[in-house]
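# Summary of the model geometry
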Amino acid sequence: MPDGTASRPEKGASVRLDKVSFSYGETPLVFDVDFAAAKITAIMGPSGSGKSTLLNLIAGFEMPLSGRVLIGGADVSAEPPSARPVSMVFQENNLFAHLSVEQNVGLGRSPSLRLTEADQTAIAGALERTGLAGKERRLPRELSGGERQRVALARVLVRDRPVLLLDEPFASLGPALRDDMLDLIAAVHAERGMTVLFVTHQPEDARRIGQHVVFLDNGVVAATGRAEDFFAGAGPEVFRRYVGASARDAVSRDIARKRT
Ligand SMILES: Nc1ncnc2c1ncn2[C@@H]1O[C@H](COP(=O)(O)OP(=O)(O)OP(=O)(O)O)[C@@H](O)[C@H]1O
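Residues numbered from 1 in each chain as written. Predicted model: local features only at pLDDT ≥ 70, side-chain atom pairs only at ≥ 80, totals over all residues.

Counting residues in hydrophobic clusters, the biggest one holds 61 residues, and the most contacted among them are I43, A154 and L165. At seven residues, helix α4 (residues 145-159) tops the list of elements feeding residues into this core. Discounting residues that sit within four places of it in the chain, L165 has contacts with L55, I58, A59, V86, M88 and L197. (Core = buried A, V, L, I, M, F, W, Y, C linked by C-beta atoms within 7 Å. Buried ≥ 20, exposed ≤ 12 C-beta atoms within 10 Å, placed from the backbone. Helix = DSSP H or I, 4+ residues; strand = E, 2+ residues; numbered from the N terminus. Contact = placed C-beta atoms within 7 Å.)

Written as structure tokens, this is what we have:
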């Protein structure tokens, strides 16, 4: 092992969709793509291009019509979500409303909440890491939107799976809070080295923490590459057009906001 890498765990698993096809009844989606182990990949693309479906196929919430899903080289296509080495955080509704912060996080260790001392220690550590210490007994409704997403992240930390799927988890937060959350993801990734796939509509989010970009268009992978190349203008035409359009949308949103 080269010098300097010994302390950084590389526990992330590679994720591969091998000619995976899927359909909700109309146009088929076909994914043939590799996600590098232990990297952060931003999944981008226009609305309806298949980003959430791609994550759902990896997590096992949707099953391919044909093709295989491989995680760490193992074929998990027939495995239910609970047996796959992944955790997923959604845009909202990640928490059980009637359970406390501590219990919601504890579910990441034991679905029956029969928690050992080691589990309790892990939960306390994750709450500390996500800035939630002192809020253990609160219910989700007693938290802000950002805090609720932190609880979901804390649960991911105690599960400690090699693959983390994020489906726009910070989309409803304001820009400053979103940046804080992205920085938290990047810091946790630096500590643990898991594979992170995150869906985002915001090019600035991808630029902030993405190492790779997978760009979807119309149900297929239209382009893949290193984030720095994509954002240095060397990205494919389809990506540049999309980012240009997003930037124009952001400017018009800004203008509309100032008018009101
Ligand atoms: N439950 C469903 N039933 C039928 N069609 C669906 C369902 N979920 C998604 N679709 C369709 O499948 C396609 C891909 O949807 P998907 O949600 O994966 O796209 P997306 O890129 O995540 O979109 P967005 O950015 O708007 O969240 C779209 O055409 C969508 O209308």
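As a further point, take the UniProt feature "domain: ABC transporter" (unreviewed entry) in the protein chain. UniProt feature "domain: ABC transporter" (unreviewed entry): in the numbering of this structure it lies at residues 15-243. Taken end to end, residues 15-243 has its terminal C-alpha atoms 26 Å apart, with 36% of it in helix and 24% in strand. (UniProt positions renumbered as here; feature names shortened; annotations may be inferred.)

As paired elements, strand β9 (residues 212-217) and strand β10 (residues 220-226) share six bridges and run antiparallel to each other. Note that in β10 the partner of D217 across the bridge is V220. Between β9 and the antiparallel strand that follows it, β10, lie two residues; N218 among them carries a positive phi value of about 55°. (Pairing = 2+ DSSP bridges.)

For the rest of this paragraph, the subject is the packing of helix α3 (residues 117-129) against α4. The packing of two helices is summarised by the inter-axis angle and the distance between the axes. It is at 9 Å that the axes of α3 and α4 come closest, and there the two elements cross at 135°. Taken together, α3 and α4 sit at an angle that is classed as oblique. The interaxial crossing formed by α3 with α4 has right-handed handedness. Between α3 and α4, the contacting residues are A122, I123, A126, L127 and R129 on the first element and A154, L157 and V158 on the second. A breakdown of the residues in the contact of α3 with α4 according to their chemical character gives seven nonpolar, no polar and one charged. (Axes fitted to C-alpha atoms, helices over the stretch in contact; angles between N-to-C directions. Parallel < 35°, antiparallel > 145°, perpendicular 65-115°, else oblique. Left-handed = near helix turned anticlockwise from the far one by under 90°. Nonpolar A, V, L, I, M, F, W, Y, C, P; charged D, E, K, R; others polar.)

Time to look at the environment of F31. Residue placement: F31 occurs in strand β2 (residues 29-35). Classification of F31 as buried rests on a count of 24 C-beta atoms within 10 Å. Taking C-alpha positions, F31 is 7.2 Å from D18, a pair spaced 13 residues apart along the chain. With near-sequence residues (within four places) excluded, F31 lies in contact with L17, V20, L54 and V221.

Two faces, one strand: in a regular strand the side chains alternate between the faces of the sheet. Counting buried positions over the five residues of strand β8 (residues 195-199) gives five, a clear majority of the element. Residues T195, L197 and V199 point to one face of β8 and V196 and F198 to the other, with burial holding for every one of them. Bridge analysis of strand β3 (residues 40-44) against β8 gives four bridges, and the strand direction is parallel. In the sheet register, I43 faces β8, and the bridge partner there is V199. Where strand β7 (residues 163-167) lies against β8, five bridges are found, and the strand directions are parallel. Within β8, the position partnered with L165 by the bridge is L197. Between the parallel pair β7 and β8, the chain is carried across by helix α5 (residues 175-192), and the sense of this crossover is right-handed. (Right-handed = clockwise from strand over helix to strand, strands pointing away.)

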